[in-house]
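# Structural description and commentary
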Amino acid sequence: MERRKFLKNSSLSAAGLVSAAALTSCNTEPKPINADISTPNPIKPIVVCTWNFFNATNKAWEVLNSGGNALDAVEQGVMVEEADETNETVGKGGRPDRDGNVTLDACIMDKDGNCGSVVCMQNIVHPVSVARKVMEETPHIILAGKGAEKFAYEQGFKKEDLLTESTRKQYEEWLKTSKYETTINIENHDTIGMLAIDENGDIAGACTTSGMAYKVAGRVGDSPIIGAGLFVDNEVGGATATGVGEEVIRTVGSFLIVELMRQGKSPQEACEEGVKRIMKKNEGRKDFQIGFLAINKNGETGGYCVHPGFTYREYSENGHVNREVTSFYE
Ligand code: GLY
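Conventions used here
- Residues numbered from 1 in each chain as written.
- Predicted model: local features only at pLDDT ≥ 70, side-chain atom pairs only at ≥ 80, totals over all residues.
- Heavy atoms only, no water.
- Phe/Tyr/Trp six-rings, centres within 6.5 Å; stacked < 30°, edge-to-face > 60°.
- Helix = DSSP H or I, 4+ residues; strand = E, 2+ residues; numbered from the N terminus.
- Lys NZ or Arg CZ within 6 Å of the ring centre and 35° of its normal.
- Salt bridge = Lys/Arg side-chain N within 4 Å of Asp/Glu carboxyl O.
- Buried < 20%, exposed > 50% of the residue type's maximum accessible area, 1.4 Å probe, protein only.

All right, on to the packing of aromatic side chains then. All told, the structure shown has 7 aromatic pairs when counted by the stated rule. For the pair Trp51 and Phe310, a centre-to-centre distance of 5.1 Å together with 85 degrees between the ring planes defines the contact as edge-to-face. A residue pair is termed long-range when its members are at least 10 positions apart, and Trp51 in the loop between β1 (46–50) and α2 (54–65) and Phe310 in the loop between β10 (301–305) and β11 (311–316) qualify at 259 residues. Ring centres of Trp61 and Tyr315 lie 4.9 Å apart, and the angle between their planes is 15 degrees; this geometry places the pair in the stacked category. In this pair, Trp61 is assigned in helix α2 and Tyr315 in strand β11, connecting sequence segments 254 residues apart. Members of the aromatic cluster, joined through ring pairs, are Tyr171, Trp174 and Tyr214. The cationic tip of Lys286 hangs over the ring face of Tyr329; the distance from NZ or CZ to the ring centre is 4.8 Å.

Structure below.
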């Protein structure tokens, strides 16, 4: 707790130094850092998540609609997919790495900028809940591999084999060729990233995945990296990503999108710019998918992707819908 306060104060001081430096060098008033995007009637509560995860948004909505907070809603929402063995890209039943081990990545972030993350963790069904424990019970943000797993056991999580009959068979089949390639919109990257605003207007987010199927052992994608796979700023909004994590990390995608919204872009415009920045670094490349999803403080949402096919699910008092998004390539 003390260290968190110290870090918070240090970053405030650092921000103060930057502002002071800007004042000295330009001799002008600094611009306000937050665009005023609030309206008198924001949409709340509301939850959105990457892809068409009906049951997960339903669970999160149950929490929000009964007065629960955004942090509980996103945790309990994504846990539905972590426990679902038929979802072969998240939690139990996720596809393994090249050595046959299922390694999970997840993170969570609250309205105060607190965050927690676990990377490359084995044998625990709910990495998002371990990430929350990292956030709430330790002075750290990220725990990795065996350390994360040991911490999870200390916190009462139980050991479980994450490989299922189905993913074991698929892995044995894959071993015959050991070919490593991603399949757009199919099975390699449908990470669940979820963003929610509760009745108080506070925002939280969570992101969880088993990562790229048959990845090199030890590989970590964007999903557990705060700023890449997920970012929340309670004054502005939140963003999350799905797809080939390496490309999202290179542009710190979710942070970028939140900052673009801070500068006045709508969630839709910000997601479009996020994908365009990635495509600029990958001119002509068509062999990967990225989908961004964003929400602003008003509860306005938007999404954009590289190839058609990415959708996001939204649940508010206006209804439960799966939204198709436009894409960089037709
Ligand atoms: N976006 C998930 C991953 O790249 O691992």
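There's more to say after this.
Turning to the pattern of salt bridges, a few remarks are in order. Applying the stated rule across the entire model yields 20 salt bridges. Here Glu75 ties to Arg132 by a salt bridge, and the two come within 2.8 Å at their closest N and O atoms. A residue pair is termed long-range when its members are at least 10 positions apart, and Glu75 in helix α3 (residues 70–83) and Arg132 in helix α4 (residues 127–137) qualify at 57 residues. Comparing Glu75 with Arg132 shows no difference in burial state: the two are buried. We note a salt bridge from Asp233 to Arg262, for which the minimum N-O separation is 2.7 Å. One end of the pair, Asp233, is in strand β7 (residues 230–233); the other, Arg262, is in helix α8 (residues 253–262), and 29 residues separate them in sequence. The burial state of Asp233 is the same as that of Arg262; both residues are buried. Taken together, the shared-partner salt bridges in this structure form one network comprising Asp72, Glu75, Arg132 and Glu136.

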